[in-house]
Amino acid sequence: MKNKYSEPNSEGFFGSYGGKFVPETLIEALDELEKCYEDIKSDSEFQKKIDRDLADFVGRPSPLYFAERLTEHFKGPNIWLKREDLNHTGAHKINNTIGQILLAKMMGKTRIIAETGAGQHGVATATVAARLGLECHIYMGAEDVQRQSLNVYRIKLLGAHVHPVESGTATLKDALNEAIRDWVTNVDNTYYIIGSVTGPHPYPMIVRDFNAIVGRELIHQSQASFQSLPDAIIACVGGGSNAIGIFHPFIDEDVRLIGVEAAGQGIDTGKHAAPLNDGEPGILHGAKSYLMQDSDGQIMATSSISAGLDYPGVGPEHSFLKDSGRAEYIAVDDESVMKAFHQLSELEGIIPALETAHAFAPLDLICSEFNEDQNIVINVSGRGDKDIASVAKLEGIDLE
Amino acid sequence: MNRIEKQLVENKNNNIKSLVAYLVAGDPNMDDTLSLMHGFVDAGVDVIEVGVPFSDPIAEGPIIQSAHDRSLANKTSFEGIIDLISNFRKKNTNTPIVLMGYLNSFLKNQKAFSRFDDIGIDGVLIVDAPGEYSLKDLGISNANVVSISLVSPTTTKERTKKICNASSGFIYYVTLKGVTGSSNVDLEEIKSNVIDLQKNTDLPVMAGFGIKNKEQAESISKVADGVVIGSYLVESIFEAKKTTDYKRIYNYLSEIKSVINK
């Protein structure tokens, strides 16, 4: 019999990936977080509280929806959509922040910080901080502040402070750097809510576990809807939290797991954000994982139409699943993403986030590998409202 | 014996407090870095920490971050830094040199690591490498290169012991919770923590992060075996770059060296 999947190990490694590569000042804070997380895992009161918040505040479970016209269009397997876009705040990100804010409260922290790329994690963090009355600071690359201005305003409406980060490439990776620096400085009273399955242990594990509600719901919903597990699950991958959340409960099952990275202007151009497709292992933001780096070990600038995927690294568990062959990782370029964005809007009445549209872009190829009796599920990780202005701009449409 | 061990033991035996000075390789350019290193030594610096610039230096405050960015914009490479040290050694074979940087740079250049002692690099301080790991654990081993670790105000007693056991050369005590160059140093807290730390190790303890003025240096040197000056020097180098007149910096270092040995 096969061993049950149990990564990471006690040191925080998924195979050889992950770990805790941070300045010394943070080690104690990470150890404390790990201990506290172990305590709440077996605390039924805490778990009940999370379940209640997920039901009443987030609106879970999110539906599993049969995409009839998309299925007809591709003439292949039945296509089902896991509707994380219908969650409160519009994306899967809230699954994680609901859990982490309760952890923060339990640890007695009074100040919350977070990084954000597309702004969805910033909104999800500001939302839960507002609800619990905690001071909240969001770090966001200055370039992302420009291209996601709607979310910046939402974060401010929720009472949080937005700090534009001008250093480096002024995108998500630099926002992470700055959040880590804040944490080093204010470690006594501050809780850092990391938004993806990246960063030092125990974050990749905690963020995965809080997002795994998506996969657990899918087990029941697929049994109810088509009396079997899905034949494949598809999700976009930046840091990889929505993907790992829906993949994780299926790792020991006979289900194809397909992650889709951002090929930006094309893998061949080098201007992309697809470290699993065109990167190599290294250390960034506290963990060992696949990265986009140059021959001297400097982290490279990335390019993607979506701010949320514009990141040179990826969660260590994805690196492990890639090397072990358990999950497949492909990449799609900006142009095909835009096509998919319009296609889903027009065929199903669902305007996806640009990040999410990546998971739809390779459907032509993927559908050809399945027959009409099979079922594939796509994680609709977020809705596209935040992207409307930038899509219009890209297409030369004046909304003013 | 490694140059670091030799120099620091000699200082300790002669009751001399050590001065460790940091600069970023390639800021403002490699030629100036080389002449600054020689100037540091003439001013009384005992150990030079040469910063290896990295694109994502998470432990650095704005001053050193900007220096890393400027150096990378000058196309500073790891090979270039090795050349810098080789050139320095043509004139100076005594002063210990430590490379300070981030793990990804050292892993990516691990082939060069085995040559470090031949080149004249005596130690490394890898900011994001867990202190309880030895260089061998990290896959970059060279028996003749010392591995300097950081101990911070948040490090537990149990960890302090582990870190001291895995370290060599000296222990770098981080004087504050924060990034390099912050201003919230608490002299009394530093002193009592350094005394605790010394109970766990025979290695010399150097204290740094946020030390700028003579008063701070003098006070800390009452207990520590030496002080590290970083951000203040990097800022002064930046300010002086138009004139390339670094005399004021050398005078400052001489003064620090003399007050810590008052």
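Provided above is the structure to which this section pertains.
Residues numbered from 1 in each chain as written. Chains lettered and ligands numbered in written order. Predicted model: local features only at pLDDT ≥ 70, side-chain atom pairs only at ≥ 80, totals over all residues. Heavy atoms only, no water.

## Some points on the packing of helix 2 (residues 44–58) of chain A against helix 4 (residues 93–106) of chain A
Residues and elements named next belong to chain A. It is the contact of helix 2 with helix 4, at a shortest axis distance of 10 Å, that shows an interaxial angle of 135°. Judged by the inter-axis angle, helix 2 sits oblique to helix 4. At the point where helix 2 passes helix 4, the crossing takes the right-handed sense. In this structure, helix 2 uses F46, K49, I50, D53, L54, F57 and V58 to contact helix 4, whose residues at the interface are I94, N95, I98, G99, L102, L103 and M106. Classifying every residue of the contact of helix 2 with helix 4 gives 10 nonpolar, 2 polar and 2 charged. (Axes fitted to C-alpha atoms, helices over the stretch in contact; angles between N-to-C directions. Helix = DSSP H or I, 4+ residues; strand = E, 2+ residues; numbered from the N terminus. Parallel < 35°, antiparallel > 145°, perpendicular 65-115°, else oblique. Left-handed = near helix turned anticlockwise from the far one by under 90°. Contact = heavy atoms within 4.5 Å. Nonpolar A, V, L, I, M, F, W, Y, C, P; charged D, E, K, R; others polar.)

## Brief notes about the interface of chain B and chain A
If you look at the interface, chain B gives 37 residues, while chain A gives 35 residues. Between chain B and chain A, the buried area comes to about 2800 Å², and carbon and sulfur atoms account for 49% of it. There are 4 salt bridges connecting chain B and chain A. Our count for the contact surface shared by chain B and chain A stands at 19 residue pairs in polar contact (both at pLDDT 80 or more). Counting only elements with at least two residues in the side of chain B that touches chain A, the list comes to helix 3 (62–73), helix 5 (103–108), strand 6 (149–151) and helix 8 (157–166) of chain B. The element that contributes the greatest number of residues to the side of chain B that touches chain A is helix 5 of chain B, accounting for 5 residues. Taken together, the residues that form the side of chain B that touches chain A break down as 17 nonpolar, 13 polar and 7 charged. (Buried area = accessible area lost by both parts, 1.4 Å probe. Salt bridge = Lys/Arg side-chain N within 4 Å of Asp/Glu carboxyl O. Polar contact = N/O pair within 3.5 Å; in protein donor to acceptor, adjacent residues only side chain to side chain.)

## Brief notes about the pairing of strand 14 (residues 375–379) of chain A
Residues and elements named next belong to chain A. For strand 14, the buried fraction is high: 5 of the 5 residues fall into the buried class. Neither face of strand 14 is open: one carries N375, V377 and N379, the other I376 and I378, and all of them are buried. Strand direction decides the pairing type here: strand 4 (residues 78–82) and strand 14, joined by 5 bridges, are parallel. The residue of strand 14 that forms the bridge with L81 is I378. (Buried < 20%, exposed > 50% of the residue type's maximum accessible area, 1.4 Å probe, protein only. Pairing = 2+ DSSP bridges.)

## Looking at the sheet that holds strand 8 (residues 205–208) of chain B
All names here are of chain B. Read from one edge to the other, the open sheet built from 9 strands follows the order 5-4-3-2-1-9-8-7-6, with strand pairing classed as parallel. Each of the sheet's edge strands pairs with one partner strand only, and the pair in question is strand 5 (146–147) and strand 6. In this structure, strand 3 (residues 97–101) lies alongside strand 4 (residues 123–126), joined through 4 bridges in parallel fashion. Paired with G101 across the two strands is I126, which belongs to strand 4. On the sheet, helix 4 (residues 78–91) packs against strand 2 (47–51) and strand 3 and is oriented at approximately 165° with respect to strand 3.

## Looking at the environment of G315 of chain A
All names here are of chain A. Along the chain, G315 falls in the loop between strand 12 (287–291) and helix 13 (316–324). Judged by its relative accessible area of 0%, G315 falls in the buried class. As a C-alpha pair, G315 and G59 span 256 residues in sequence and 27 Å in three-dimensional space. When sequence neighbours within four positions are dropped, the list of residues in contact with G315 reads V197, T198, G239 and S289.

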